[in-house]
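Secondary and tertiary structure notes
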Protein chains: 2
Amino acid sequence: MGLEHVLNAGSVAVVGASKVPTKRGYQTIRTLLDEGYEGIIYPVNPKEKSIMGLHCFPSVSEIPEDVDVALIATPARTVPAVLEDCGKRGVKGAVILATGFGETGAEGKALENKVLEKAWQNQIRLIGPNTSGMINLKANLNLVGLKDTPKGNIALLTQSGNMALTLITEAKLQSRKGFTYYVGVGNEADIRFHEYLEFFQQDPDTRAILMYVEGMREGRKFLQQAYKTTETKPIILLKSGRSSTGKQSAGSHTGALAGMSRVAKGAFERAGIIVIENSDELFPAAETLSSLPPIKNSKIAILADGGGHATIAADTLTDLGVDIPELEEKTKRKLRAILPGGAAVRNPVDVAGGTDDNPAIFADCANIILSDPRVGGLLVVGLFGGYGIRFAASLAMMEEDAAHQMGKMVKSRNKPIVVHSLYNSEKPHSLDLLRYYGVPVYGSLDVACKCMGVLAQYGRYLKSYHAVSNFVFNWGAKAKPEGRKLIDNALGEGRLVLLESEAKQLFKLHGAPVTGDVLAKTADAAADAAGQMQGNVALKISSPDILHKSDANGVILNLSNKKQIKKAFTEIMRNAKAYRADARIEGVLVCPMVEKGVEVIIGTKIDDQFGPVIMYGLGGVLVEIIKDVTFRVLPITRRTAQKMIEETKSSPILNGVRGEAPYDKKALVNLLMACSEIIEAYPQIHELDLNPVIVHHQGLSIVDARILLKPEKESQPAGPTA
Amino acid sequence: MGLEHVLNAGSVAVVGASKVPTKRGYQTIRTLLDEGYEGIIYPVNPKEKSIMGLHCFPSVSEIPEDVDVALIATPARTVPAVLEDCGKRGVKGAVILATGFGETGAEGKALENKVLEKAWQNQIRLIGPNTSGMINLKANLNLVGLKDTPKGNIALLTQSGNMALTLITEAKLQSRKGFTYYVGVGNEADIRFHEYLEFFQQDPDTRAILMYVEGMREGRKFLQQAYKTTETKPIILLKSGRSSTGKQSAGSHTGALAGMSRVAKGAFERAGIIVIENSDELFPAAETLSSLPPIKNSKIAILADGGGHATIAADTLTDLGVDIPELEEKTKRKLRAILPGGAAVRNPVDVAGGTDDNPAIFADCANIILSDPRVGGLLVVGLFGGYGIRFAASLAMMEEDAAHQMGKMVKSRNKPIVVHSLYNSEKPHSLDLLRYYGVPVYGSLDVACKCMGVLAQYGRYLKSYHAVSNFVFNWGAKAKPEGRKLIDNALGEGRLVLLESEAKQLFKLHGAPVTGDVLAKTADAAADAAGQMQGNVALKISSPDILHKSDANGVILNLSNKKQIKKAFTEIMRNAKAYRADARIEGVLVCPMVEKGVEVIIGTKIDDQFGPVIMYGLGGVLVEIIKDVTFRVLPITRRTAQKMIEETKSSPILNGVRGEAPYDKKALVNLLMACSEIIEAYPQIHELDLNPVIVHHQGLSIVDARILLKPEKESQPAGPTA
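My aim in this report is to walk through the structure given alongside it, one point at a time. Note that the structure is a prediction, hence the values are computed from the model and not measured. In this convention, every chain numbers its residues from 1, walking through the sequence in written order. Both sets of labels track the order of writing: A upward for chains, 1 upward for ligands. Side-chain atom pairs in this predicted model are given and counted only at pLDDT of 80 or more, local residue features only at pLDDT of at least 70, and totals for whole chains, interfaces and linings cover all residues. Each side-chain value is worked out from all heavy atoms of the structure, with water and hydrogens disregarded.

Re the packing of aromatic side chains
All names here are of chain A.
- Geometry of aromatic contacts follows a simple scheme: Phe, Tyr and Trp rings, the Trp one being its six-membered ring, pair when their centres are within 6.5 Å, and the pair is stacked under 30 degrees between planes, edge-to-face over 60, tilted otherwise. Under the counting rule described, the total for this entry stands at 26 aromatic pairs over all chains.
- Pairing Phe362 with Tyr387 gives two aromatic rings, centres 5.8 Å apart and planes at 70°, and the pair type is edge-to-face. Taken together, the residues Phe362 in helix H13 (residues 361–370) and Tyr387 in helix H14 (residues 387–390) connect sequence positions 25 residues apart. Like Tyr387, Phe362 is buried. Helix and strand definitions follow DSSP, with helices as H or I runs of at least four residues and strands as E runs of at least two, each counted in order from the N terminus. Burial classes: relative accessible area under 20% of the type maximum marks a residue as buried, over 50% as exposed, and values in between as partly exposed (1.4 Å probe, protein chains only).

Below is the structure:
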């Protein structure tokens, strides 16, 4: 069921309605009345006849009409019975404020499950529990009791009441912006993040979605939805719980798993989400993206009235990946014509006193700069807004003129302007005018730079990165019958691990190059097999009971003749028996020695938030220590595979260093794609580990492959499907 | 001459005094009069009889008494003559406001030099040129004309007028703090950063020094001074010009070189300076360090009234290297006794509504938490200060009570408290009270965390890192006569490069292990020399004209018998002639092949701000790409050498990986120390390059050594001495 009747409810029952002004059951009704909620309010309390002039009902079921939403302000233990009662009156959604559920441990979790069961039985969707509530600002449907929340075009979705309060307070004090909806997701017991997202995507008044997340229950569905949403509406998100203490804190707060943070950040960004790490930048980023067009070419100009701010801004923007291009000669000429001799007319432009007695020149400069085709946006830094305060009151009007002009310029040129002003806290009218036109103004230089940074980031995403992947698995579609048989066979034998030979066989089935290994049951057979191979060989024990072959001294490398091979065979067999007397021995795998190349590793795992993810990195001792690896949520596209390879710091090694020929990156891309395909084809696979893979100048070799399976009962798709 | 008479001037001549209110020559006199400057003011202007009731003098030389300081508000070209005139009246210092000097290019630089010459001739110290001026707030000596700068205990030293304005505005609006002095260093033509620093160190009223720097003229002297200053007073510094655009911008702003930023940051931190990278955090860090005791154990507790803020704070503090320890059982027990059941009593502590009707409990919690010996400081995050606003006005008094108690607690327990408050911008009285006791309060969670971070950082520095090195060279002290001869000999031959054999000889003289190489002039001699060595050998061309031996095919490795050696000798000689027919050939160096080990590189260079610096990193292809290297300003101590080795990301390799024995880090420390000693011993050395060095399980081998010399005329110490 959609959320229409919940978030746009036409009637509300307040369960636990009260006459005591400090109670939520009072505050909510007061706020609904004061703010002019357009629907019907039903106070519910068996002990009261009326509250604030409204008739009070002893229970929800005794309300004479059907009710859309119940705000439940009673203690946790009472909630199942209240829901039961709500069911009788056709209630479609409930907002459960109480704490004492999943976030407190096993007992609370059991109560939460009971509540869920009641909700499902009665077809009631739940917001919370453990939530501050929700507000629909368009209908004045305020179930939080937080007054004066400003209206606007941002939807706010958070997992912390305090963060909501923080963001709403910032909106009020720092901007002219406001909200369409606020939802505190609480424990996310029923309605999940992605469902709210889908609703906001459809909402015609919402221009951007602002999120604070501690942990998600269904990360993959969220990504699937976010991927669709960000094509038309920006999502700005801060995910806390990076540190171990932060994770713990998040766990006790909403009971959610905080997940692998490196995976999460990569996954969010791939879905086009603007991930914010500094909480000061969260609201400003949303303000900016809900008001201004994204920057198409990632290039901006800086307009300053002093060297210090210009220098710091250039540093900060460079760190944010924004370019500060040289201006065209024509642009410089025009600037020179209106600025004094000491002015810097390259980028950053420094007016060097040229605005001291006429700050309206800021608008003229802005106009010249934004007409330069190399420039995608403008950051104004310094005193603008303070000339009337600092120098002479008469200058304030010129600043207001400039503000008007710059505001209109944003629309006419469709290029964003962001303003940093040292005088922001003095609230001059010119800065308010800028905000009227949607130009964000901040007193923090870092925050102003970040606003430019997110416009550039979203612009880059829209330009190059959409339509790549939608995080949807087509489970089993590309499975090969032989592959299925291999896995079923292992599971049938009670094995949760494939033999190396089986794992390599699976890769071969999916088009990946594997060495032509031969399983030999006798020393003579091993010697014969080696005779058919070019160059030296390695022997490896093959046993379902020996997972780590080296630990069992089950691998001998670099054998060049029959005598060595036979001796090695015997030795390996003896070692295997010594390691584990009852091990089932399939034989010894004879593998051609692989020529030299660059060592890489590839692995897959199941992340608790996002399901199957893939890891790639350069192998070897150094990288083991430096941990230069990268993650993606599966499935991946060829383009993503290329990006994974390129974004590891050590990737230049694959281009060939010190005069070497380049290594075969295309083969590596193919292998990553094969891994993605295999995970999608066989949902029974739990983990996959290729370590090492040797990349050659032409082609590559999978030296070792390990595949772990899920226990039978889990072998149905664990991750959600589309 | 000290700066006493300049910064604490008892009389001021204002050259370019004016009756026009928009002129600096008016504003300065106005401000001096309005603010009650304690000394004597002499307006100087040949066209006026009096200004604002003060007698006006036609020139400085016609003032009847000696004058301490002249504020020169006339254009750049007039300055030399004004200084000449000032000299006649015994002026001790001049503040030169004009732009148009070194920052504009060669012509301006020439004028700046002329000004400097006049100043030296007349024994006048200069602030600027290209400065906004200076303020001594203790004497109401305000030469900037910026009114209402708050008084306090922070000295402000910046290279940008706008950044000064920013910081002063923040002090006024965000804190109860203020300044002892403000100096705009401008082009730093005469008085340098380190001289101001020395002055502020002596000033009894200054508790912390706040700096904004774009580039320095004498970085090493600054470090030497900073190292002494930070032992008793914190220095908080933001250095801009990290990015290439930022560097350019800084260059056109003050004409200073921005230097190597990685070197600068490392050097500053080694001198105990708190380096800030985010401009929003600059003033708050200074406010905090000028008010609160540093945190001794780097461990803090978080006290929150909501999960979101606690989680974000835990993440941010962890990123800042601050620990969030488990509290003692006793502490948890006491907290449990006063907080509701749902509260989290581990760290972060979440009161979970326990303060809703009694925010005074914050102080009780703070008291319990700070009595825990594991806790070095407390960060309070959330709504504190806003209970009276949000819930009921009667709660405001309880908040004020709590503020009083927490403020006193800071003194009595000598442990810092920092407060984040969502209601900061509403300016409730309780938050003002906290500030009265020196507790910083910020509306930004990130900034509040950073305040804790700098207290922990300064505490760590004071505890473990002082008394290590003072950045002072004792040039030549440890030179060996034989070493001097080697270098003089090369310079005598007109060579600016030592032969490999000479460079290795130099290292040997200073106790570093070098391979027992032998220079052979004939093939037979080479073969004989190899016969005396253990294992295989390498042959390398030895020629003052062939710097890069491999490029000339002048190296052949891994030779095992006489025949091979003789053949290789002939081949190298032929290659050398082919590479450069007129090359002077000394012979061929026979070197024992070095056993395997970990490859590292060591180099030294001359940094334009700090003089000699040393670089260390692991060698090999991977690290070449990852650039995992570290820098220090020379000379270094053994402790620093150890730290350099440990702080490279790949350093665990030296501990032995995959079951290997550890490598000889002690030998590596010795080699770094030898490099430091050699640079100190022979000021003629320009660059030194050991690449590679192979570190063994026992000892190490310098495989190749290259030393470049400075041209004769520069061979005197280039960096300043103590």
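Considerations on the relation of the copies chain A and chain B
- Superposition of the copies was done by least squares, using only C-alpha atoms of residues whose pLDDT is at least 70 in both. Taken as rigid bodies, chain A and chain B are interconverted by a rotation of 180° and an axial shift of 0.0 Å, the fit giving an RMSD of 0.1 Å. The symmetry that links the two subunits is that of a two-fold axis.
- Whether two residues are in contact is decided by their heavy atoms, any of which lying within 4.5 Å being enough. Both copies present the same face, since 100% of the interface residues in chain A are matched by interface residues at the equivalent positions in chain B.

A look at the packing of helix H6 (residues 193–202) of chain A against helix H7 (residues 219–229) of chain A
Residues and elements named next belong to chain A.
- Note on geometry: axes are lines fitted to C-alpha atoms, helical ones only across the stretch in contact, with angles between N-to-C directions running from 0 to 180 degrees. Look at H6 against H7: their axes get within 8 Å of each other, and the N-to-C directions meet at 15°. Relative to H7, the element H6 lies roughly parallel. Every pair of crossing elements has a handedness; the one defined by H6 and H7 is left-handed. Together, Phe193, His194, Leu197, Glu198 and Gln201 of H6 and Lys221, Phe222, Gln225, Ala226, Lys228 and Thr229 of H7 make up the contact between the two elements.
- Following the grouping adopted for this structure description, the nonpolar residues are Ala, Val, Leu, Ile, Met, Phe, Trp, Tyr, Cys and Pro, the charged ones are Asp, Glu, Lys and Arg, and the polar ones are all others, Gly among them. Classifying every residue of the contact of H6 with H7 by side-chain character gives 4 nonpolar, 4 polar and 3 charged. Should an angle fall under 35 degrees it is taken as roughly parallel, and over 145 as roughly antiparallel, whereas 65 to 115 is taken as roughly perpendicular and any remaining angle as oblique. By definition, turning the near helix anticlockwise from the far helix through less than a right angle yields a left-handed crossing, and turning it clockwise yields a right-handed one.

Side note on the pairing of strand E25 (residues 611–618) of chain B
Residue and element names in this part refer to chain B.
- A large share of E25 lies buried, amounting to 7 of its 8 residues.
- In terms of strand pairing, E25 meets strand E26 (residues 629–633) through 5 bridges, oriented antiparallel. When the bridges of E26 are listed, Tyr616 appears paired with Thr630. Being paired, for any two strands, means DSSP has found at least two bridges between them.

Some details on the pattern of salt bridges
- Here, a salt bridge means any Lys or Arg side-chain nitrogen found within 4 Å of an Asp or Glu carboxyl oxygen. If you walk through the whole model with that rule in mind, you get 63 salt bridges over all chains.
- Among the salt bridges present, the one from Asp205 of chain A reaches Lys138 of chain A, with a minimum N-O distance of 2.8 Å. In this pair, Asp205 of chain A sits in the loop between H6 and strand E12 (208–213) while Lys138 of chain A sits in the loop between strand E8 (134–136) and strand E9 (141–142), placing the two residues 67 residues apart along the sequence.
- Across the pair Asp432 of chain B and Arg176 of chain B runs a salt bridge, and its minimum N-O distance is 3.1 Å. With Asp432 of chain B in helix H16 (residues 429–436) and Arg176 of chain B in the loop between helix H5 (161–174) and strand E11 (179–184), the pair connects residues that are 256 residues apart, well separated along the chain.
- Classification of Arg176 of chain B by relative accessible area gives partly exposed; the value is 44%.

Side note on the interface of chain A and chain B
- Contacts between the two partners involve 65 residues from chain A and, on the opposite side, 65 residues from chain B.
- In this assembly, chain A packs against chain B so that about 5,200 Å² is buried in total across both faces, 57% of it on carbon and sulfur atoms.
- For the interface between chain A and chain B, the tally reads 0 salt bridges.
- Two N or O atoms count as a polar contact when they lie within 3.5 Å, although within protein this holds only if one can serve as hydrogen donor and the other as acceptor, and sequence-adjacent residues are included solely when both atoms are side-chain atoms. Counting across the interface, chain A meets chain B through 15 residue pairs in polar contact (both at pLDDT 80 or more).
- Elements with a contribution of two residues or more to the side of chain A that touches chain B: helix H5 (161–174), helix H8 (244–254), helix H11 (307–319), helix H17 (445–464) and helix H22 (620–626) of chain A. Two parts lose some accessible area (1.4 Å probe) when they are put together, and adding that loss for both gives the buried area.

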